[in-house]
Amino acid sequence: MQIEKYYTVKIFYLTPDFFCVTLPKVIDMEKIGRQIFLYDFYGELLTDHQKSVYEDVVLNDMSLGEIAAERGISRQGVHDLVRRCDQILATYEEKLHLVERFLKTREDVTSICELSAGERAGQEDCAETLKEIHQISGRILEEL
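Analysis parameters
- Within each chain, residues carry numbers counting from 1 in the order of the written sequence.
- Residues qualify for local features only when their pLDDT is at least 70, as the model is predicted, and side-chain atom pairs are given and counted only at 80 or more; totals for whole chains, interfaces and linings, by contrast, use all residues.
- For side-chain calculations, the full set of non-hydrogen atoms in the structure is used, while hydrogens and water are omitted.
- We count a stretch as a helix when DSSP gives it H or I for four or more residues in a row; a strand needs E for two or more, and each element gets its number in order from the N terminus.
- For every residue, the accessible area (1.4 Å probe, protein chains only) is compared with the maximum for its type, and the residue is labelled buried under 20%, exposed over 50%, or partly exposed between those bounds.
- Per-residue accessibility takes into account occlusion by the displayed protein chains alone, with areas from the Shrake-Rupley method and a 1.4 Å probe.
- For this analysis, a ring pair means two rings from Phe, Tyr or Trp (six-membered ring only for Trp) whose centres lie within 6.5 Å, classed as stacked if their planes differ by under 30 degrees, edge-to-face if by over 60, and tilted for the remaining angles.
- In this text, buried Ala, Val, Leu, Ile, Met, Phe, Trp, Tyr and Cys residues form a nonpolar core when linked through side-chain atoms within 4.5 Å.
- Contacts: residue pairs with any heavy atoms within 4.5 Å of one another.
- The score called pLDDT rates the predictor's confidence residue by residue, from a low of 0 to a high of 100.

Draft legend 1. Geometry of the overall build of the protein chain. Helix and strand counts for the protein chain come out as six helices and two strands. Along the protein chain, helices (α) and strands (β) appear in the sequence β-β-α-α-α-α-α-α when read from the amino end. Counting across all 144 residues of the protein chain, residues that qualify as buried make up 23%. Within the structure as shown, the protein chain displays about 10600 Å² of accessible surface, and the carbon and sulfur contribution to it stands at 56%.

Now the structure itself:
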């Protein structure tokens, strides 16, 4: 079963005649989640200006136009800055793999929690469960 990663949100805009118009905005939840993880891990490596603009776009969900008006720069300038920050953060991840390691470790810890709580069906043999917990914890220690 594949989970839909796109959600449609209706945004209301007032036209000059004050008629309400709805335009669908497609939100890529997977992309936003990845941006948040990358920012959490590598955000401190951005300049203060890059951090504040990137936070406004990704974390505060402000539009490019709102940020441009607030900071006195063009909408295109904000767009370019956000794209550049995405590329910088992705480059750090390609070299350091901290997010990848974190997600793998989180998955392993979840497996250990499930095993120790006996949530997996057919895992009534304690020796087998302990062996599997030992293997997973060994992988975590190797990664660290």
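Draft legend 2. The packing of aromatic side chains, seen in detail. What the rule picks out here adds up to five aromatic pairs. With centroids separated by 5.9 Å and ring planes inclined at 35 degrees, the aromatic side chains of Tyr-42 and Tyr-92 adopt a geometry described as tilted. Residue Tyr-42 is located in helix 1 (residues 29-42), and its partner Tyr-92 is located in helix 4 (residues 75-96); the two are separated by 50 residues in the primary sequence. Residue Tyr-42 is classed as buried on the basis of its relative accessible area, which comes to 1%. Every member of this aromatic cluster is reached through a ring pair, and the members are Phe-37, Phe-41, Tyr-42, Tyr-92 and Phe-102.

Draft legend 3. Highlighting unusual backbone geometry. Of note, the phi angle at Asp-61 is positive, near 55 degrees, even though the residue is not glycine. Structurally, Asp-61 is set in the loop between helix 2 (48-59) and helix 3 (64-71). Under the relative-accessibility criterion, Asp-61 is labelled exposed at 57%. Of note in the backbone geometry, His-97 takes a positive phi value of approximately 55 degrees without being a glycine. If you trace the backbone, His-97 turns up in the loop between helix 4 and helix 5 (98-117).

Draft legend 4. Representation of the nonpolar core. Val-53, Tyr-54, Val-57, Val-78, Val-82 and Leu-89 are the most contacted members of the largest nonpolar core, which totals 17 residues. Those elements that place two or more of their residues in this core are helix 1, helix 2, helix 3 and helix 4. No other element matches the five residues that helix 4 contributes to this core. Those residues in contact with Val-82 that sit more than four places away from it in its chain are Val-53, Tyr-54 and Val-57.

Draft legend 5. Focus on the confidence of the model for the protein chain. This prediction gives the protein chain a mean pLDDT of 80; 76% of its residues lie at or above 70. Summarising per-element confidence for the protein chain, the mean pLDDT is lowest in strand 1 (residues 6-14) (49) and highest in helix 4 (96). Here residues 8-13 scores under 50 on pLDDT; set against residues more than four positions off or in separate chains, the count is 19 contacts.

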